[in-house]
Amino acid sequence: MHHPSLCAVAVALLSALPSAQAGLYAKKSPVLQVDAKDFDRLINKSNYTSIVEFYAPWCGHCQNLKPAYEKAAKNLEGLAQVAAVNCDDDANKPLCGSMGVQGFPTLKIVRPKKGARKPTVTDYQGQRTASAIVEAVVQNINNYVTRIEDKTLDKFLSDSQDKPKAILFTEKGTTSALLKSIAIDFSDVIHIGQVRNKETKTVEKFGISKFPTLILLPGGDAPHVVYDGEIKKEPIVKFLSQAGQPNPVSPPPKEKKKSKSSDTKAKSKASSSSSTTSSSASSETPAATQEVPVIVETALPIPSINSHDKLIKECLNDKSHTCVLAFVPEGGSEKARKGLESLSQLAFKHAQGKRKLFPFYEVPASNEGAAGLLKALDLPARDVQIIAVNARRGWWRHYDAADFGVESVESWIDAIRLSEGVKKKLPEGLVAIAVEESTASQEEAASKAATPEATPEGKSEDATKVTPEASGEAAGKPETGATQASEPSAEPETAHDEL
Ligand SMILES: *[C@@H]1O[C@H](CO)[C@@H](O)[C@H](O)[C@H]1NC(C)=O
Ligand SMILES: *[C@@H]1O[C@H](CO)[C@@H](O)[C@H](O)[C@H]1NC(C)=O
């Protein structure tokens, strides 16, 4: 087919065209297109396993491979990188030579080695079908998931106790590619474990009744949260990122390059859902992806303030910055539940966007300090009362809309952020002095409350962490209500999408 002189003519024509280094794959192809400049960063330095095709656009076997290769890329989205290097491009020829490429196409699997600077490279000699390629790559995904048994649970939990952990409860004896990829994303951030359903003590300890179920242990004594969203990579990563930001798929580019389409692709690829067809082309950086307002199905509950001392320490001393407090009556109410859910969604959203936001707290209205504060502010203790208070500046604001839905609460929060709207003056005597002897407060209890280290500097992360006070028992009991797991609704498309 390829008459040498015809090929030569074709190449001459191509090189005559401006920037017509036409590769085999279209810009929007699921195949990650890598060149010599990017290879080290996107492939060698990635924590993901990659398969790389070294090809020439004119080669017939390369053209024949294209549909299967693109299909493999789609199936492996979020799990591994499927990349291609055009060896016909002069700039890539030294790279192809140094990788020992002698014919086209040459397929190599590049597998990162933890702790080593260089990855391991092996030739792929298998069939050139999508399923054979997918299987071979999946076999080469690193596994950082810890298998937990009843007898090793305590060790898993006590290992760096304050660090977040996540546990998948499953009927399977193997670790899925999806869970492996999640453990890679959160390597050194969240320790991921897997428990088989026959480990009955562990299953009972967390009150698990369905498989698979994924739980997040935010760290310390904070209670665990049950994931009840879809079994898809993107929502799971969003859920887990409440406890820590995932690693990028590859290091960011050193300097700004004019052709950043390949970077963009690399980043959005592995972090996007494996079952959506093509991840939004608009995402420039991971941060930009996260700007999209996503309602997660299980945002961590906002932390709770259960004592007057703590209320003073966090929000009511003369050094404290803005706090949002939701006073909730005993037994709760539909409005209270909705208001708290809206606040946890907003805290989550802001944490995703890495924007600073004042902390949100739930305060039981029956707590002595809370009752006194509500009285002083002339707020009846019913349903739910949400206020913002800045003790340092001496102002407060009341959320007085009837609707506790997320949009309505968000516009109130935004107004506070932008310092719009009316601030009311805090009544005298509510704010404690942040030294040993605090001054008058409505409660006698306040007099011994304030402590010198009392000032949270308005860290937005505070709002997403569950404090030890949030629940008497850590991680020991099944969650109730909103955090209950529900039946995973979607049928996964391919086996590797499953947990
Ligand atoms: C990538 O890693 C392989 C395997 O260690 C090595 O042979 C190759 O030179 C590296 N490529 C680049 C561009 O750094
Ligand atoms: C790879 O994982 C390590 C933790 O094991 C992390 O520190 C590093 O940032 C990750 N690399 C990239 C490119 O994200």
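Here, the structure is the one placed above.
All of these numbers come straight from a predicted model, not from anything done at the bench.

A. Representation of the site of ligand 1 in the model. Lining the immediate surroundings of ligand 1 are Phe39, Asp40, Asn44, Lys118, Pro119 and Val121. Taking Asp40, its side chain carries an N or O atom lying 3.2 Å from an oxygen atom of ligand 1. Pro119 is positioned such that a nitrogen or oxygen atom in its backbone is 3.3 Å from an oxygen atom of ligand 1. About the coverage of ligand 1: the protein hides 68% of its 360 Å² of free accessible area. It is helix H2 (residues 36–44) that contributes the most residues to the shell around ligand 1, three residues altogether. Of the residues in the shell around ligand 1, the class split is three nonpolar, one polar and two charged.

B. The arrangement of the site of ligand 2 in detail. As a matter of local geometry, ligand 2 sits amid Lys45, Asn47, Lys114, Ser187, Asp188, Asn247, Pro248, Ser250 and Pro251. Ser187 places a polar side-chain atom, nitrogen or oxygen, 2.5 Å from an oxygen atom of ligand 2. Between ligand 2 and Asp188 there is a distance of 3.4 Å, counted from an oxygen atom to a side-chain nitrogen or oxygen. For ligand 2, whose accessible area on its own is 360 Å², the fraction buried by protein is 70%. Looking at the shell around ligand 2 residue by residue, the classes come out as two nonpolar, four polar and three charged.

C. Broad picture of the nonpolar core. Counting 55 residues, the largest nonpolar core has Ile51, Tyr69, Ile192 and Leu240 as its most contacted members. Residues lining this core come from more than one domain, with at least three contributed by each of domain 1 (1–141 + 276–298 + 466–499) and domain 2 (146–240). Beyond its immediate chain neighbours, meaning those up to four positions away, Ile192 contacts Tyr144, Val145, Thr146, Phe156, Ala166, Leu179, Ile182, Ala183 and Leu240. Counting residues in hydrophobic clusters, the runner-up holds 24 residues, among them Leu316, Val363, Ala370 and Leu379.

D. Layout of the sheet that holds strand S14 (residues 395–398). The strand order S12-S11-S13-S14-S15 describes an open sheet built from five strands, whose pairing is mixed. Because the sheet does not close on itself, it has two edges, and the strands there are strand S12 (360–364) and strand S15 (424–425). Here strand S13 (residues 385–390) pairs with S14 via four bridges, running antiparallel. If you follow Asn390 over to S14, its bridge partner there is Trp395. Across the face of the sheet, helix H14 (residues 368–376) comes into contact with strand S11 (323–328), S12 and S13 while running at roughly 100 degrees to S11. Each of S11, S12, S13 and S14 touches helix H15 (residues 406–417); the most contacted strand, S14, lies at about 160 degrees to it.

What counts, and where the lines are drawn
- Residues numbered from 1 in each chain as written.
- Chains lettered and ligands numbered in written order.
- Predicted model: local features only at pLDDT ≥ 70, side-chain atom pairs only at ≥ 80, totals over all residues.
- Heavy atoms only, no water.
- Near = heavy atom within 4 Å.
- Polar contact = N/O pair within 3.5 Å; in protein donor to acceptor, adjacent residues only side chain to side chain.
- Areas by Shrake-Rupley, 256 points an atom, 1.4 Å probe, with all protein chains shown as cover.
- Helix = DSSP H or I, 4+ residues; strand = E, 2+ residues; numbered from the N terminus.
- Nonpolar A, V, L, I, M, F, W, Y, C, P; charged D, E, K, R; others polar.
- Core = buried A, V, L, I, M, F, W, Y, C linked by side-chain atoms within 4.5 Å.
- Buried < 20%, exposed > 50% of the residue type's maximum accessible area, 1.4 Å probe, protein only.
- Domains from an automatic or database assignment.
- Contact = heavy atoms within 4.5 Å.
- Pairing = 2+ DSSP bridges.
- Axes fitted to C-alpha atoms, helices over the stretch in contact; angles between N-to-C directions.

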